Amino acid sequence: MGDACGPGGIQTRAVWCAHAEGWTTLHTNCKQAERPSNQQQCFKVCDWHKELYDWRLGPWNQCQPVISKSLEKPLECVKGEEGIQVREITCIQKDKDIPAEDIICEYFEPKPLLEQACLIPCQQDCIVSEFSTWSECSKTCGSGLQHRTRHVVAPPQFGGSGCPNLTEFQVCQSSPCEAEESMYSLQVGPWSACAMPHSRQARQARRRGKNKERDKDRKGVKDPEARELIKKKRNRNRQNRQENKYWDIQIGYQTREVMCINKTGKAADLSFCQQEKLPMTFQSCVIAKECQVSEWSEWSPCSKTCHDMASPTGTRVRTRAIRQFPIGSEKECPELEEKEPCVSQGDGLAPCAMYGWRTTEWTECRVDPLLSQQDKRRGNQTALCGGGVQTREVYCVQVNENLLSHVNAQKDKEASKPVDLKLCTGPIPNTTQLCHIPCPIECEVSPWSAWGPCTYENCNDQQGKKGFKLRKRRITNEPTGGSGGTGNCPHLLEAIPCEEPSCYEWKAVRLGDCEPDNEKECGPGTQVQEVVCINSDAITCRKQDGGQAGIHECFQYAGPVPALTQACQIPCQDDCQFTSWSKFSSCNGDCGAVRTRKRTIVGYIEEACIIPCPSDCKLSEWSNWSRCSKSCGSGVKVRSKWLREKPYNGGRPCPKLDHVNQITENHVFQVYEVVPCHSDCNQYIWVTEPWSICKVTFVNMRDNCGEGVQTRKVSNFRQRSADPIRQPADEGRSCPDTVEKEPCNLNKNCYHYDYNVTDWSTCQLSEKAVCGNGIKTRMLDCVRSDGKSVDLKYCEELGLEKNWQMNTSCVVECPVNCQLSDWSPWSECSQTCGLTGKMIRRRTVTQPFQGDGRPCPSLMDQSKPCPVKPCYRWQYGQWSPCQVQEAQCGEGMRTRNISCVVSDGSADDFSKVVDEEFCADIEPIIDGNKKMILEETCTQPCPGDCYLKDWSSWSLCQLTCVNSEDLGFGGIQVRSRAVIIQELENQHLCPEQTLETKSCNDGQCYEYKWMASAWKGSSRTVWCQRYCY
């Protein structure tokens, strides 16, 4: 078949003859009649068959119990019995609805499961209600029967026990009868169906009627004018009958049977029923006719008169007319109008008008709307940058260009105008979006240096006694854009006049180590300050920091030498020392409480802290920057904002700029900002105490010597150094040694150094930005192998690699408040009357919130009760007793009326009958049915008959449950009819009691349990109680 698809293909296979032990032999050794076929027809499946074939799933059959491996069954059923249910699955050709081979459907989808596990619920016995009270005695005199009945509450299911008798009866005695009891009753049967008279009888009746009219005309009407009037009247009657062709009424007849019945239920001769006038056995009737309609008309033109790709179909209509209205039939006429989708035909079909959204250009990016959302006082600031908002307008226009080409230029211009927004069906484009205004880098300068020395403008021309002092600062960044640039930087040099200028001055260079007095190890001492003489001619020499000059020039021009020594202190071992501070305790109280931290010896301190009392969100101003977290090397410094007023009840949330939010132990929010910092490592020195006596650990007995250990205490103190100002005279005290020497070998630690980086700072924005793009930074730190931070030079000397990125971009999300549409108009009331109706209005989100903007409220719908209006409706009254005319029993009629009732519309309200004027404008519809049933046939039992009582009310909807869980069998309701017995001798003629079930929705799980009261003597009360789950 090649590559062809579908049926007609052939599959082949090899067939050979083999011995029972497996070896191949001649074909003649095998029976030729049993040889399997070596080819068969097949169906080649292709991908396009997927649209033609599919699995058809049949319904699951009834759950069948699985044969249990254990012969013993539990005495009491608790959860039901496990079972299996199967279904039929067929591969079908969808267009022809015929079966196909399974292999075709299996090519595209595996065959669904044929069987599944199921659960057979436990047997449920019939549940009945309590008995009613005893009826009156069936006879007013003599011996009779009285009965009481009950109804079915839950039907038997899954093989449960059937229902018990719904009727109990007992003999009752009345006063003796004065007259003899009648043994016979006249019974009428039901009327037969209405039928036409026999054709012969009809012809005879028609002939008799014509003869009578002819004789009447001859005898009674002799006047020509009277005859003419009669003729016109007949013609007018014929015309009326033709006009009322839709009501072709035919009169027929129906009969019924009249019998005399003995109280034993047997028929007797009519003479035994002593009655002067027997009931009618023949009556006229109207022949019932079904509704007749004409043939369908031609289809109307398609409602779609233009071409539209989005919805290309329209509708077309055809109608038919009624030729015969239904007479005496409950079946309504069929639909007289039919619609179907259609597509307009024709080459010159104009395109349909299409509408779409159009927007204006985005406005310029503005930051002030975001500021006003947070604080209205900040909404008028100018020269803002960073994250902002752009807006635009949205309108609806006609968009298809093909249609516009069909109209002239004037109409084209009109078609592009905005139209009603309701014509556009797609989602509305956003009217706001976030944007970013680049922030200019303002010029930043360093702090002013200290004022320089008072010097002459020209040291070579020292005239006058006034001079100048200079101070300077420098540009610390590269300003760009906006108001930036070096041209906008402030001045970098300042000068002020001064008295007694000099071209030379003394300058302190370095403070030497503290040397204790009296050659002690610690205590008060003296530090020597190193000073030098510098040339302060900053103008002529252009040496801003001064150059070093000869000391004799300072003695000549700069005055006396400054003090070269100052007092200092080296702490001793026995000085009072403190432990490190503990962490602060948590705050106690709601507002204005305190927290503490402690250290030993001195005691504890208290520190005030503020816990903001809850209100609308407001943050405090930034605190001062903390000290650097590292006393040596790179660390971080922190500043914070306190949450002064907490948002609640949907208040505006707090703005944050990518800060680290933390919650203290007392649930108080703080916002922290972190930036890197660096501390100089040269401000501390190691101070050592004298070495201890060398303790020998390995002794050489002969030489009484060996290796030992010496120890000393090392402390870390702040350092300042100083160089000798002058050398001592020949007999003066020599300068102290700058190098410490010790004969004992010291244990020297070998440290390793490596780079480390601090944590990232928080996102830093421009001063005039509230959100948008920013920068996060971090710093390098040099860490010793014992974990201590040291000066960066230790790592730099080793030439270690620096693979870290120190700066990175970041974004602070812009706060956008949620924007809502206006409330829609109130809807129509959900109920036309009563107290339960509601009117609803809604609003929608036109702009979702972003970042720290005000979130959207949860309440998007509002409802309110409708104006109170009484509910009037028509309601059936009670059926009258069954009335049998001209007989004692048999088929009769019962009637009922409709009444106007009023209620409040709730299910619990009992309707009250009111005057029918209140329902005058209400169409008489009861239970959704326009046809009023005000009378119906009924059966009046004859004395001694055994009959079925009327149906009971439908029971509650009950589910099939196990342990209060629905098994998915659906709900069921039941009603029943009890048997009424009037004569004990006629019990064999009684019909069976009956029950009827129907499926229902919204059922509940019910459980029935026997309950018993406490014993009272030798008896107690036992009842069945229903539980609802």
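- If you look the protein chain up in an unreviewed UniProt entry, it shows as Thrombospondin type-1 domain-containing protein 7A from Tupaia chinensis.

**Some points on the overall build of the protein chain**
Then step 1. A tally of helices and strands in the protein chain yields eight helices and 66 strands.
Then step 2. Every one of the 1029 residues in the protein chain was classed for burial, and the buried ones make up 26%.
Then step 3. Excluding contacts between residues fewer than 6 apart, the proportion of contacts in the protein chain whose partners are at least 24 apart in sequence is 68%.
Then step 4. Here the protein chain has roughly 72,900 Å² of accessible surface; of this, 49% comes from carbon and sulfur atoms.

**Concerning the pattern of salt bridges**
Then step 1. Scanning all chains against the criterion turns up twelve salt bridges.
Then step 2. Notably, a salt bridge pairs aspartate 97 with arginine 56, separated by 2.2 Å at the nearest N-O pair. In this pair, aspartate 97 sits in the loop between strand E8 (89–93) and strand E9 (98–99) while arginine 56 sits in strand E5 (residues 53–57), placing the two residues 41 residues apart along the sequence.
Then step 3. Residue classification places aspartate 97 among the partly exposed residues on the basis of a relative accessible area of 44%.
Then step 4. With relative accessibility at 39%, the residue arginine 56 sits in the partly exposed group.

**Observations regarding the sheet that holds strand E6 (residues 64–65)**
Then step 1. Pairing in this open sheet of three strands is antiparallel, and the strands run E6-E7-E10 from one edge to the other. Only two strands of the sheet have a single neighbouring strand rather than two, namely E6 and strand E10 (115–120).
Then step 2. Relative to E10, strand E7 (residues 81–86) runs antiparallel, the two being bridged by six bridges. The residue bridging glutamate 82 from the neighbouring strand is leucine 119, located in E10.

**Structural notes on the nonpolar core**
Then step 1. The biggest cluster of nonpolar side chains holds 14 residues, and the ones touching the most others in it are Leu370, Cys771 and Val812.
Then step 2. Grouped together as the second largest cluster of nonpolar side chains are eight residues, Val45, Ile89, Cys91 and Cys105 included.

**Topic: the sheet that holds E5**
Then step 1. Strand order in the open sheet made by the three strands is E5-E8-E9, with antiparallel pairing throughout. The sheet is open, and its two edges are formed by E5 and E9, each paired on a single side.
Then step 2. When E8 meets E9, the two strands line up antiparallel, connected through two bridges. Bridged to isoleucine 92 within E9 is proline 99.

**Brief notes about the confidence of the model for the protein chain**
Then step 1. Averaged over all residues, the pLDDT of the protein chain is 76; the fraction at 70 or higher stands at 75%.
Then step 2. When pLDDT is averaged over each helix and strand of the protein chain, the minimum, 38, is found for strand E36 (residues 603–608) and the maximum, 93, for strand E62 (residues 971–977).
Then step 3. Confidence over residues 406–415 falls short of pLDDT 50; this stretch has six contacts with residues more than four positions distant or in other chains.
Then step 4. Every residue in residues 741–748 is under pLDDT 50, and counting partners more than four places away or in other chains gives five contacts.

**With respect to a nonpolar patch on the surface**
Then step 1. Judged by side-chain polarity, Val66, Ile84 and Val86 come together as a nonpolar surface patch covering roughly 200 Å² of accessible area.
Then step 2. For valine 86, a relative accessible area of 34% translates into the label partly exposed.

**Side note on the state of the cysteines**
Then step 1. On inspection of all chains with the given rule, the structure shows 28 disulfides.
Then step 2. Shown here is the disulfide that connects cysteine 454 with cysteine 498, its sulfur atoms set 1.7 Å apart. In this structure the cystine formed by cysteine 454 and cysteine 498 twists about its S-S bond by roughly 95 degrees; its chirality is therefore right-handed. Of this pair, cysteine 454 sits in the loop between strand E27 (432–437) and strand E28 (466–472) while cysteine 498 sits in strand E29 (residues 493–499); the two residues are 44 residues apart in sequence, bridging distant segments of the chain. Comparing cysteine 454 with cysteine 498 shows no difference in burial state: the two are buried.
Then step 3. Here cysteine 1028 stays free of any disulfide, with the sulfur of cysteine 1005 as its closest cysteine sulfur at 8.3 Å.

**Regarding the environment of glycine 386**
Then step 1. Examined against the element boundaries, glycine 386 turns out to sit in strand E25 (residues 386–391).
Then step 2. When its relative accessible area of 0% is taken as the criterion, glycine 386 is described as buried.
Then step 3. Sequence separation between glycine 386 and cysteine 439 is 53 residues; the distance between their C-alpha atoms is 6.0 Å.
Then step 4. Discounting chain neighbours no more than four positions away, the residues touching glycine 386 are Val367, Cys435, His436, Ile437, Cys439, Ala769 and Cys771.

**Here's the deal with the packing of aromatic side chains**
Then step 1. Inspection of every chain in the model, using the stated rule, returns six aromatic pairs.
Then step 2. Judged by centre distance (5.1 Å) and plane angle (10 degrees), the ring pair of tyrosine 872 and phenylalanine 918 falls under stacked. In this pair, tyrosine 872 sits in strand E54 (residues 871–876) while phenylalanine 918 sits in the loop between strand E57 (912–914) and strand E58 (935–940), placing the two residues 46 residues apart along the sequence.
Then step 3. A relative accessible area of 25% places tyrosine 872 in the partly exposed class.
Then step 4. Sitting above the plane of the tryptophan 954 ring, lysine 998 keeps its charged end 4.4 Å from the centroid.
Then step 5. For arginine 1026, the ring lying beneath its charged end belongs to tyrosine 1006, and the centroid distance is 5.3 Å.

**A look at the side chain of glutamine 847**
Then step 1. Along the chain, glutamine 847 falls in strand E52 (residues 845–847).
Then step 2. Once residues lying within four places of it in the same chain are set aside, the contact partners of glutamine 847 are Thr432, Val816, Asn817, Cys818 and Gln819.

**Topic: the side chain of glutamine 527**
Then step 1. Mapped onto the fold, glutamine 527 is located in strand E32 (residues 523–535).
Then step 2. Given the relative accessible area of 9%, glutamine 527 is considered buried.
Then step 3. Here glycine 512 takes part through its backbone oxygen, which lies 3.1 Å from a polar atom of the side chain of glutamine 527.

**Here we look at unusual backbone geometry**
Negative phi values dominate among residues other than glycine, just as trans dominates among peptide bonds.
Then step 1. Phi is positive for phenylalanine 158, close to 55 degrees, though the residue is something other than glycine.
Then step 2. By the element assignment, phenylalanine 158 lies in the loop between strand E13 (152–154) and strand E14 (167–173).
Then step 3. One non-glycine residue, glutamate 886, lies in the positive phi region at around 60 degrees.
Then step 4. Within the secondary structure, glutamate 886 is located in the loop between E54 and strand E55 (889–895).
Then step 5. Note on glutamate 886: relative accessible area 35%, which makes it partly exposed.

**Digging into the environment of proline 326**
Then step 1. Note on placement: proline 326 falls in the loop between strand E22 (322–324) and strand E23 (337–342).
Then step 2. For proline 326, a relative accessible area of 22% gives the class partly exposed.
Then step 3. Through-space distance from the C-alpha of proline 326 to that of glutamine 292 is 7.7 Å; in sequence the pair is 34 residues apart.

**Considerations on the pairing of strand E16 (residues 251–255)**
In summary, the side chains of a regular strand alternate between the two faces of the sheet.
Then step 1. Here E16 shows a clear split, with Gly252 and Gln254 buried on one side and none of Ile251, Tyr253 and Thr255 buried on the other.
Then step 2. As paired strands, E16 and strand E19 (residues 282–286) are joined by five bridges and run antiparallel to one another. Within E19, the residue paired with glutamine 254 across the bridge is glutamine 283.

Rules used in this analysis
- Residues numbered from 1 in each chain as written.
- Predicted model: local features only at pLDDT ≥ 70, side-chain atom pairs only at ≥ 80, totals over all residues.
- Heavy atoms only, no water.
- Helix = DSSP H or I, 4+ residues; strand = E, 2+ residues; numbered from the N terminus.
- Buried < 20%, exposed > 50% of the residue type's maximum accessible area, 1.4 Å probe, protein only.
- Contact = heavy atoms within 4.5 Å.
- Areas by Shrake-Rupley, 256 points an atom, 1.4 Å probe, with all protein chains shown as cover.
- Salt bridge = Lys/Arg side-chain N within 4 Å of Asp/Glu carboxyl O.
- Pairing = 2+ DSSP bridges.
- Core = buried A, V, L, I, M, F, W, Y, C linked by side-chain atoms within 4.5 Å.
- pLDDT = per-residue confidence, 0-100.
- Patch = residues over 30% accessible without salt bridge, like charges linked within 9 Å, V, L, I, M, F, W, Y side chains within 5 Å.
- Disulfide = S-S within 2.5 Å.
- Phe/Tyr/Trp six-rings, centres within 6.5 Å; stacked < 30°, edge-to-face > 60°.
- Lys NZ or Arg CZ within 6 Å of the ring centre and 35° of its normal.
- Polar contact = N/O pair within 3.5 Å; in protein donor to acceptor, adjacent residues only side chain to side chain.

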